[in-house]
Every structure is written in structure tokens, then in C-alpha cells.
Amino acid sequence: MNQLKKYITFSIIVFCFGTMPTFAQRVWSNPVGQYAYNPSGACYNDLGELLVSYYNTYASANNSPQGALLMGSTSLPTDNMGVGFKFVYEKGGVLSNLMAEATYVYKVNLGNNHKLGLGLSGTFQQTALQDHLVNAQHPDDRYLMLGAESDYWFDVNFGLSFYKPNHYFIGIAAYNLVGQHTSWMLPNFEGRTSRLLTVSGLYDFFFLQGDIKLELAAEAMMYVPFDKFSLVYDVTAKLQWRKYCWIGGGYTNNIAKIMAGVYIQNFAIGYAGGIGVGEISNFAYAFPQHEVFLRLEFNTSKWSKRQRNNMEQK
């Protein structure tokens, strides 16, 4: 039991300090869309959306990692432009992080509805020390005496993608391009926020005259400079029946995931669970990760409005 507690504590520390520079840029297990991994992925399927997602990892452990995502995007009336926003709050161990992002997307129509997307985001991030969770062995520890309780900074993200709405998406993105200096924790300490590269994509296969859709998606992200601990990847397969329900599964770092969800008209609710595999399964819970999400879709583009009118006329 003590070994289990030590392993979980170590995992939480690695999670918090390893991902804190870009807390918001995690792999979300539910099908939250490409905007989560690429600024140019906002409204790529020509639908407006509002999405909320919550997750926790090792929920029964004290101060375990958990977070929430609020994300929205829409096409503008001209249909060759779009906007989006994201808010992410995450905490784990003694640290917490708040991220806010605003995005502008420009779409170049390459013919036959193939598009080139360019997305630019401005971000605000704040990292804080949760004082009430700190149990220092020495209350006069100089790192706690001199350190600031929180720090904030602004940065810029850029994404590029090639896609056809509701068929495929291929994109690359770079996060924290400015790499702003931060002096958080100690006045004489100076560092930069970590740059992050992401590659993401999906492809949709349709069967039975479009009643069944199989969506294959993959994402990978890594810090610059690269090291073996910073690589995060995810592969997912989702089988959807019309706009009624879906089931799926996938694999990410040491976790196999299962997911399912239902539609109620333009409203969707889904759940994803993680099953520990590999060495970590010998020390942690069988189901270490849980995630739920809610999504509301809007017909905001000319294409989606035409589709809605066609459905109403049938």
C-alpha cells in the first residue's frame, strides 16, 4: 500500500511539473474536435459549437489531477472566416493553471470544398501555488519564503491545416511562439514558457448511404527541445450511427480508452474512461481516468443552413 501511495504521488508530481507550461494542451479522450489541438481547427466542419468537458485522473488520491474545458467556435457570415475561444482550468498536487485563448481563423477554398485553414490565437495563462495544500517540512524553506504565489503571461499560437469539412483534416500547430520570460517562484530565477508542437488529423469513412460513420483520429504533441518524456500521442476510432449515438476506443500513453455518447437533436453527451496498461497498471487503479463532455451544435455557416433546409424539406 505504501508503494502504491508513493507511485501515485510521484505520478502526480511528474504530471504537474511536466505539463504545467501548457496545461491546456492535453489529449482529451472524448471527440472534442480539432480545435483542441490546432487553432485552425476551429469550426472546421462548418458548424458552430459550444462544448464543456471535465476529467479527473486517480480520483481517490488526494489532490489528484483534474480539469475542465469550455470551448466554442463558429463560422462568420462570409464563411471564409471563423472565430473561437477556449478556457481551461486544471489543478494537480499543489499547482493550478488557468488558460484563456481567443482565435481567428481564415479559410482559403481550394476547390471542391477542399480548404486551407490558418489560425492565430492569443493566450493568457496563470499558474498558481495552492498554499492551503502545501505541507512543508520546514516552514521557513527559502523557496516558499521568496517564491511568488502566482505568475501570469501572454503568448501566441499558430496553426495550419488542410481539410475537407466532415471528411478529413490534417494539421500542424506551434504553441507558445513568443516563449515569454517568467520569473515565477524565485526573483532571481528566469526561464521561458515551453514551446509545443502538435500534429493532428482525422478521416471519416461512410457506410450504408451515410447512416454509419467511422472516424479515425490521431494526435501527437511534443515540447521543444524534445525529450522522450514530453511526447504525448493518441489514436482513436469512433463508430457513429446517424446523429443518434456513437461508441469507440483508442490508446494513449499507457492508457487504453473506451468511449460512448448519444445525441439529442443538436445536443450531445459523452463519456470516456481510461484503462491502465503496461507497467503503470501494476501500481495504479484499473480505471485511472474518467471524462465527461457536453456539446451543443449550431447551424451558423451557409453550408450547414442549406443542409438543415434540405432535411426540413424531406
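Here's what I pulled together on the structure shown here. (Residues numbered from 1 in each chain as written. Predicted model: local features only at pLDDT ≥ 70, side-chain atom pairs only at ≥ 80, totals over all residues. Heavy atoms only, no water.)

## Regarding the pattern of salt bridges
Logical step 1: Taken as a whole and judged by the stated rule, the model has 7 salt bridges.
Logical step 2: The partner of Asp234 in a salt bridge is Lys257, with the nearest N and O atoms 2.8 Å apart. Here Lys257 lies in strand S14 (residues 255-264) and Asp234 lies in strand S12 (residues 232-241), a separation of 23 residues in the sequence.
Logical step 3: Look at Asp234 and you get buried, because its relative accessible area is 2%.
Logical step 4: Here Glu297 and Lys243 are joined by a salt bridge, their closest N and O atoms 2.7 Å apart. You can see Glu297 sitting in strand S16 (residues 289-298) and its partner Lys243 sitting in the loop between S12 and strand S13 (245-252), a full 54 residues away along the chain.
Logical step 5: Each of Asp46, Lys107 and Lys115 takes part in salt bridges that share partners, so that together they form one network. (Salt bridge = Lys/Arg side-chain N within 4 Å of Asp/Glu carboxyl O. Helix = DSSP H or I, 4+ residues; strand = E, 2+ residues; numbered from the N terminus. Buried < 20%, exposed > 50% of the residue type's maximum accessible area, 1.4 Å probe, protein only.)

## Digging into the pairing of strand S5 (residues 114-129)
Within a regular beta strand, the side chains point alternately toward one face of the sheet and then the other, so they alternate between its two faces.
Logical step 1: Of the pairings in the sheet, the one linking strand S4 (residues 95-111) to S5 comprises 16 bridges and is antiparallel in character. Within S5, the position partnered with Tyr104 by the bridge is Leu120. (Pairing = 2+ DSSP bridges.)

## A word on the packing of aromatic side chains
Logical step 1: Tallying each qualifying case throughout the model produces 14 aromatic pairs.
Logical step 2: Taking the centre distance of 5.9 Å and the plane angle of 35° together, the rings of Phe124 and Tyr152 count as tilted. Placement of Phe124 in strand S5 and of Tyr152 in strand S6 (residues 150-164) is noted, with a sequence separation of 28 residues between them.
Logical step 3: Ring centres 4.8 Å apart and planes at 75° place the aromatic pair Trp241 and Tyr244 in the edge-to-face group.
Logical step 4: Each residue in the set Phe162, Tyr168, Tyr203 and Phe205 is aromatic and connected to the rest through ring pairs, giving one cluster.
Logical step 5: Across the ring face of Tyr35, the terminal group of Lys86 is positioned such that the distance to the ring centre comes to 5.1 Å.
Logical step 6: Across the ring face of Trp246, the terminal group of Lys238 is positioned such that the distance to the ring centre comes to 5.5 Å. (Phe/Tyr/Trp six-rings, centres within 6.5 Å; stacked < 30°, edge-to-face > 60°. Lys NZ or Arg CZ within 6 Å of the ring centre and 35° of its normal.)

## Points about unusual backbone geometry
Logical step 1: One non-glycine residue with positive phi stands out, namely Asn112, at about 55°.
Logical step 2: Mapping Asn112 onto the fold places it in the loop between S4 and S5.
Logical step 3: By relative accessible area, which is 59% here, Asn112 ends up exposed.
Logical step 4: Backbone geometry places Gln265, a non-glycine residue, at a positive phi of 60°.
Logical step 5: Locating Gln265 in the fold gives a position in the loop between S14 and strand S15 (267-276).
Logical step 6: A residue is classified by how much of its surface remains accessible, and Gln265, at 70% relative accessible area, is exposed.

## Observations regarding the nonpolar core
Logical step 1: Of all hydrophobic cores here, the largest spans 23 residues; its most connected members are Trp28, Val32, Ala36, Tyr37, Leu69 and Met71.
Logical step 2: When residues of this core are traced back to their parent elements, those giving at least two are strand S1 (48-57), strand S2 (66-75), S4, strand S7 (168-175) and strand S11 (212-224).
Logical step 3: In this structure Val32 touches Tyr37, Glu49, Leu51, Met71 and Phe293, once residues within four positions along its chain are discounted. (Core = buried A, V, L, I, M, F, W, Y, C linked by side-chain atoms within 4.5 Å. Contact = heavy atoms within 4.5 Å.)

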